[in-house]
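# Chains, contacts and geometry: an overview
These are the residues of each chain, in order.
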Amino acid sequence: MEEMENLRGRLDAMLQSQRLAVLSTAGAGGAPYGSLVSFAALGAGRLLFATTRATRKYENLRADARVALLVDNRSGGEADFHEALAATALGRAFELTGKDREEGISVYIAKFPFLEEFVRAPSCALFRVDVERWVVVTRFQNVIEVKPLP
C-alpha cells in the first residue's frame, strides 16, 4: 500500500514537472502515429494538450479517440537506468468546446504562458484525455498498472 502511494506521488510530481509527452494515435487502417505534445495535467485522471486542426494527429483523433500518452522523467544519463520513471496514460481524447475549452485554456496557459496565442487561435483544438489507466515503468522492468484516483 505504501509503495503504491509512493508511486502515485512520483507520478503526480512527474506530471506537474514535465512539459512534453509523446502522443500515440491510430491513423487510417490502424497505422500507429507518434507526436510530441505539450501537456498540462488536471490530476492523474485528465490531461490537456493542444494541436492545430491541420495536423495528422487531429485527423487521427477525429476518426478514433483512443490514445496513449507517454510521459517520462529521463535525463539521458546513466542514472536513468536505475531511477527513470515512465508512465503511459491509456484513454480517450475529446476536443473541448465552449466553457470547457475556456477552462482548459486557463489551465494550459498557466503552465505554458508563452503558448497563449497558439492555444487561443481559431485553428487550434484543445483536447482533454480522460485517462482510464496508467502503465507505469520503473527501472526499465518493473511494470505496474494504476487507475487514476477519482
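Here the structure is shown first, and the text comes after it.
We now turn to the structure provided with this report. What you see is a predicted model, and the numbers here were worked out from it, not measured in a lab. (Residues numbered from 1 in each chain as written. Predicted model: local features only at pLDDT ≥ 70, side-chain atom pairs only at ≥ 80, totals over all residues. Heavy atoms only, no water.)

### Focus on the packing of aromatic side chains
Basically, it comes down to this: Two aromatic rings from Phe, Tyr or Trp, using only the six-membered ring of Trp, form a pair when their centres are within 6.5 Å; if the ring planes differ by under 30 degrees the pair is stacked, by over 60 it is edge-to-face, and anything between is tilted. Counting from the N terminus, the helices are DSSP H or I runs at least four residues long and the strands are E runs at least two residues long. The criterion for a charge sitting over a ring is simple: Lys NZ or Arg CZ within 6 Å of the ring centre, and within 35 degrees of the ring normal.
Scanning the model with the defined rule gives five aromatic pairs in all. Ring centres of Phe 81 and Phe 140 lie 5.3 Å apart, and the angle between their planes is 25°; on these two criteria the pair is classed as stacked. With Phe 81 in helix α3 (residues 80–83) and Phe 140 in the loop between β6 (124–138) and β7 (142–146), the pair connects residues that are 59 residues apart, well separated along the chain. Ring pairing ties together the aromatic residues Phe 49, Tyr 58 and Phe 127, which thus form one cluster. Between the NZ or CZ atom of Lys 111 and the centre of the ring of Phe 39, over which it lies, the distance is 4.4 Å.

### Quick notes on the nonpolar core
The cut-off we apply is this: Throughout, nonpolar core names a set of buried Ala, Val, Leu, Ile, Met, Phe, Trp, Tyr and Cys residues whose side chains join them through atoms within 4.5 Å. We call a residue buried when its accessible area falls under 20% of the maximum for its residue type, exposed when it is over 50%, and partly exposed in between, using a 1.4 Å probe and counting protein chains only. Whether two residues touch is decided by their heavy atoms; if any such pair falls within 4.5 Å, the residues are in contact.
Among the nonpolar cores identified, the biggest contains 28 residues, and Leu 15, Leu 47, Phe 49 and Trp 134 are the most heavily contacted of them. Breaking this core down by element, the ones donating at least two residues are α1 (2–17), β1 (20–26), β2 (32–41), β3 (46–52), α2 (56–63), β4 (66–72), β5 (85–95) and β6. Among residues more than four places away in sequence, those in contact with Phe 49 are Leu 23, Val 37, Ser 38, Leu 61, Ala 93, Tyr 108, Ala 125, Leu 126, Phe 127 and Val 129. Listed in part, the eleven residues of the second largest apolar core include Ala 40, Leu 96, Ile 109 and Cys 124.

### Considering a nonpolar patch on the surface
Put simply, the rule reads: Exposure above 30% relative accessible area and the absence of a salt bridge qualify a residue for a patch, where like charges join within 9 Å and nonpolar side chains (Val, Leu, Ile, Met, Phe, Trp, Tyr) within 5 Å. All accessible-area figures derive from a Shrake-Rupley calculation using a 1.4 Å probe, and residue coverage is judged against the displayed protein chains alone. What counts as a salt bridge is simple: a side-chain nitrogen of Lys or Arg found within 4 Å of a carboxyl oxygen of Asp or Glu.
Together, Leu 20, Val 22, Leu 36 and Leu 70 make up an exposed nonpolar region whose accessible area comes to about 320 Å². Following the sequence through the fold, Leu 36 ends up in strand β2.

### Some points on unusual backbone geometry
Phi is mostly negative for residues that are not glycine, and the peptide bonds are mostly trans. Phi at Arg 139 takes a positive value of approximately 55°, unusual for a residue other than glycine. With respect to the secondary-structure elements, Arg 139 resides in the loop between β6 and β7. At Phe 140, a position not held by glycine, the phi torsion is positive, near 65°. Residue classification places Phe 140 among the exposed positions, given a relative accessible area of 56%.

### What to know about the environment of Arg 66
We apply this condition: Distance and chemistry together define a polar contact, namely a pair of N or O atoms within 3.5 Å, with one atom able to donate a hydrogen and the other to accept it when in protein, and with adjacent residues in sequence counting only for side-chain atoms on both sides.
Among the secondary structure elements, Arg 66 is positioned in strand β4. Every residue in contact with Arg 66, bar those within four places of it in the chain, is listed here: Ser 24, Thr 25, Gly 91 and Arg 92. At 2.7 Å, the side chain of Arg 66 forms a polar contact with the side chain of Asp 64.

### Re the pattern of salt bridges
If you walk through the whole model with that rule in mind, you get nine salt bridges. One salt bridge connects Glu 116 with Arg 120, and the closest N-O pair in it is separated by 3.0 Å. Residue Glu 116 and its partner Arg 120 are both found in helix α5 (residues 116–120); the two are separated by four residues, about one turn of the helix. Classification of Glu 116 by relative accessible area gives partly exposed; the value is 34%. Arg 128 is the partner of Asp 130 in a salt bridge, and the nearest nitrogen-oxygen pair spans 2.7 Å. Through salt bridges with shared partners, one network takes in Glu 102, Glu 116 and Arg 120.

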